[in-house]
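What the coordinates show
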Amino acid sequence: MKITISDKFTVKKILLFSLPCIGMQLVDNTYQVVDGYFISNFLGENVFAAENMIFPPLALMMSLGLVMGAGGSAIISAYLGEGKEDRARQTLSMLSVFLFIGGIIISALAFLFMPNIAKMAGAPESLVPYCTVYGRILSSLMPVQMMNYAFQEYLIAADQGKLGFISSVVNAVTNIVLDFAFVVFFGWGLWGAALATGLAWCVSCVVAFSYFVNKKHRLHFMRFKIHMGDTLLALGNGSSEMVDAVSYVIVAIIFNRRLIALLGERGVASYAVTEYMTGVFAAIFMGIGIAMIPVIGFRYGEKNFEELKKLRNDGLKLAAISGTIMMCLALLLSGVVARIFVGYDPELKAMATLALRVCAFAYALSGINMFSSSFFTGISDGLASALIAAMRSFAMPLIFVFLLPYLFGHDGIWFTTLAAEVVGVCVVIVLYRLRFTKGLKWGRED
């Protein structure tokens, strides 16, 4: 059944429409998980800790692609909803060029200052060389991954979510094959794992890029006039993605520093395992939210506010149901996941299992928060979207990472995410009430 962004959506249609994007996010998440598996099991605990300490700053720099993708897809979809197809194509082309240029600049700076970035991330001197090797190889190919992030969003706006999924599968398969070849077969170590990831990015980008260069497609690259207003609006709309990325990095760095102080390098390794499981489950929530941004943007562009309200309510139902399922699965699989990554050390495995079980309860709430953030992005309310992201991903984790261990001992640190998601839900409730039940308007009806 072909579903487009202009269709009327039900809960079932939201799920079906989101499936390619969910698959895309799940597959995208595999490259760090695959790297982590090979690095942990073939290169050792210290190298594993180093890879997970340098990855958050890399993710922050690459988040420009997420910002341009999420914010830009809402604008492009709104233009399509208004019947302005040429303007949608020009916006696609302009944002892609700006993103690539920005990516090259960020990549060069990251490569140059990678040892300093590693130290800022909290890496002890013994881990800085590992962080530098891994980080420099990935930073040199960073513009490609930024384009991948944005293209995935733009493909959904073009009703080509399946192609985005295919490009992600190509990425994952390439990464797995090259990781085995470079790390296990050739014995190239950490730099081989990084090279495998970077080359997989390149292959995936070619698949998506080939769609937009074809002039026969509804959305394609074309000559454009610079509209700085659209660029700034895209950055504003995508601000929640930037808040999430900045929050992820700062919180991860502080988490790692606190874990080193409280539990040592084993604490960092355990945290890395929880991040892998969280990444897999969050990919499902992200897939739903990202898929809905252009749908919401399209309805927003055509001023169909009744359909927008229905999308909001059905999306929240789906997020709550899927979140509960994810929580149950995480509780059941925590021991298995810990065994896969750190089963070679019984004490480390026990610590990771405890951390995974505590973090599982947060999944029941995180889907609601993530969908709500995407919903506000879709209706061009970047401020509300950023506020949700800031509270659940930044402000509250920074408070709870210090408060909970102080109140409940070292293991209290694992409850940080759950406590932050509880506060995030409270913020979501307040924002919905303020905007939609207190007389405030939707936006373009003003």
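Residues numbered from 1 in each chain as written. Predicted model: local features only at pLDDT ≥ 70, side-chain atom pairs only at ≥ 80, totals over all residues. Heavy atoms only, no water.

1. A short note on the overall build of the chain
For the chain, the helix and strand inventory stands at 16 helices and 0 strands. A compact globule built from 446 residues would reach a C-alpha radius of gyration of about 22 Å, and the chain, at 21 Å, matches this within 12%. Across its three principal directions, the C-alpha atoms of the chain cover 60 × 45 × 40 Å. Across the 446 residues that make up the chain, the buried fraction comes to 60%. (Helix = DSSP H or I, 4+ residues; strand = E, 2+ residues; numbered from the N terminus. Rg over C-alpha atoms; globule rule 2.2 N^0.38 Å. Buried < 20%, exposed > 50% of the residue type's maximum accessible area, 1.4 Å probe, protein only.)

2. Things to note about the packing of helix 2 (residues 45-81) against helix 9 (residues 228-237)
Packing of helix 2 against helix 9 leaves a shortest axis separation of 7 Å and a crossing angle of 115°. The element helix 2 and its partner helix 9 pack so that their crossing is right-handed. Two secondary-structure elements touch here, helix 2 through Leu64, Val67, Met68, Gly71, Gly72, Ala74, Ile75 and Tyr79 and helix 9 through Asp230, Thr231, Leu233, Ala234, Leu235 and Asn237. Per-class residue counts for the contact of helix 2 with helix 9 are 9 nonpolar, 4 polar and 1 charged. (Axes fitted to C-alpha atoms, helices over the stretch in contact; angles between N-to-C directions. Left-handed = near helix turned anticlockwise from the far one by under 90°. Contact = heavy atoms within 4.5 Å. Nonpolar A, V, L, I, M, F, W, Y, C, P; charged D, E, K, R; others polar.)

3. Details of the nonpolar core
When a protein is soluble and globular, its nonpolar side chains tend to lie buried together. In terms of nonpolar packing, the biggest core is built from 131 residues, with Phe17, Tyr154, Phe212, Leu219 and Met292 touching the most fellow members. The element contributing the most residues to this core is helix 11 (residues 265-301), with 19 residues. Each residue touching Phe212, except ones within four places of it in the same chain, is listed here: Leu92, Phe151, Tyr154, Leu155, Leu219, His220 and Phe221. (Core = buried A, V, L, I, M, F, W, Y, C linked by side-chain atoms within 4.5 Å.)

4. Topic: the pattern of salt bridges
Here the structure, examined in full by the defined rule, presents 8 salt bridges. The residue Glu421 makes a salt bridge to Arg392 at a minimum N-O spacing of 2.7 Å. Here the residue Glu421 occupies a position in helix 16 (residues 416-436), and Arg392 occupies one in helix 15 (residues 382-408), the gap between them amounting to 29 residues. Summarising the burial analysis for this pair, Glu421 and Arg392 share the class buried. (Salt bridge = Lys/Arg side-chain N within 4 Å of Asp/Glu carboxyl O.)

5. Some points on the side chain of Ser168
Turning to its location among the elements, Ser168 is positioned in helix 7 (residues 161-185). Side chain to side chain, Ser168 and Gln152 meet in a polar contact 3.3 Å long. (Polar contact = N/O pair within 3.5 Å; in protein donor to acceptor, adjacent residues only side chain to side chain.)

6. With respect to the confidence of the model for the chain
Looking at the chain as a whole, the pLDDT averages 84, with 94% of positions reaching at least 70. The weakest mean pLDDT in the chain belongs to helix 10 (residues 239-263) at 73; the strongest belongs to helix 3 (residues 85-112) at 94. In this model, residues 442-446 is a region of pLDDT below 50 whose contacts with residues beyond four sequence positions or in other chains number 18 contacts. (pLDDT = per-residue confidence, 0-100.)

7. A short note on helix 7
Taking 1.5 Å per residue as the helical rise, helix 7 with its 25 residues ought to reach 36 Å, and the 35 Å between its terminal C-alpha atoms agrees with that figure. Looking one or two places after helix 7, you find Gly187, whose phi comes out positive at around 70°. (Expected span 1.5 Å × (residues − 1).)

8. Some points on the packing of helix 7 against helix 8 (residues 189-212)
Their axes nearest at 8 Å, the elements helix 7 and helix 8 cross at an angle of 155°. The angle between the axes of helix 7 and helix 8 places the two elements in the roughly antiparallel class. In this structure, the crossing between helix 7 and helix 8 has a hand that is right-handed. (Parallel < 35°, antiparallel > 145°, perpendicular 65-115°, else oblique.)

9. Some words on the environment of Pro294
As for its position among the elements, Pro294 is in helix 11. Put simply, Pro294 and Thr416 are 122 residues apart on the chain and 32 Å apart in space, counted from C-alpha to C-alpha. Apart from residues no more than four positions distant in its own chain, Pro294 is found in contact with Ile5, Ser73, Ser77, Ile156 and Ala157.

10. Quick word on the packing of aromatic side chains
Describing an aromatic ring pair means giving the distance of the ring centres and the angle of the ring planes. Counted by the stated rule, this structure contains 16 aromatic pairs. When the ring of Phe38 is compared with that of Phe42, the centres are 5.8 Å apart and the planes differ by 25°; the resulting orientation is stacked. Of this pair, Phe38 and Phe42 both sit in helix 1 (residues 11-43), 4 residues apart, roughly one helical turn. Centre to centre, the rings of Phe151 and Phe212 are 5.4 Å apart; their planes meet at 35°, and the pair counts as tilted. Of this pair, Phe151 sits in helix 6 (residues 142-157) while Phe212 sits in helix 8, and the two are 61 residues apart along the sequence. This pair shows no difference in class: Phe151 is buried, exactly as Phe212 is. One aromatic cluster is present, formed by Phe151, Phe209, Tyr211, Phe212 and Phe221 through successive ring pairs. Here the guanidinium or amino end of Arg136 rests over the ring plane of Phe111, the centre of that ring lying 5.1 Å away. Arg312 extends its terminal NZ or CZ atom over the ring of Tyr432, reaching a point 5.7 Å from the ring centre. (Phe/Tyr/Trp six-rings, centres within 6.5 Å; stacked < 30°, edge-to-face > 60°. Lys NZ or Arg CZ within 6 Å of the ring centre and 35° of its normal.)

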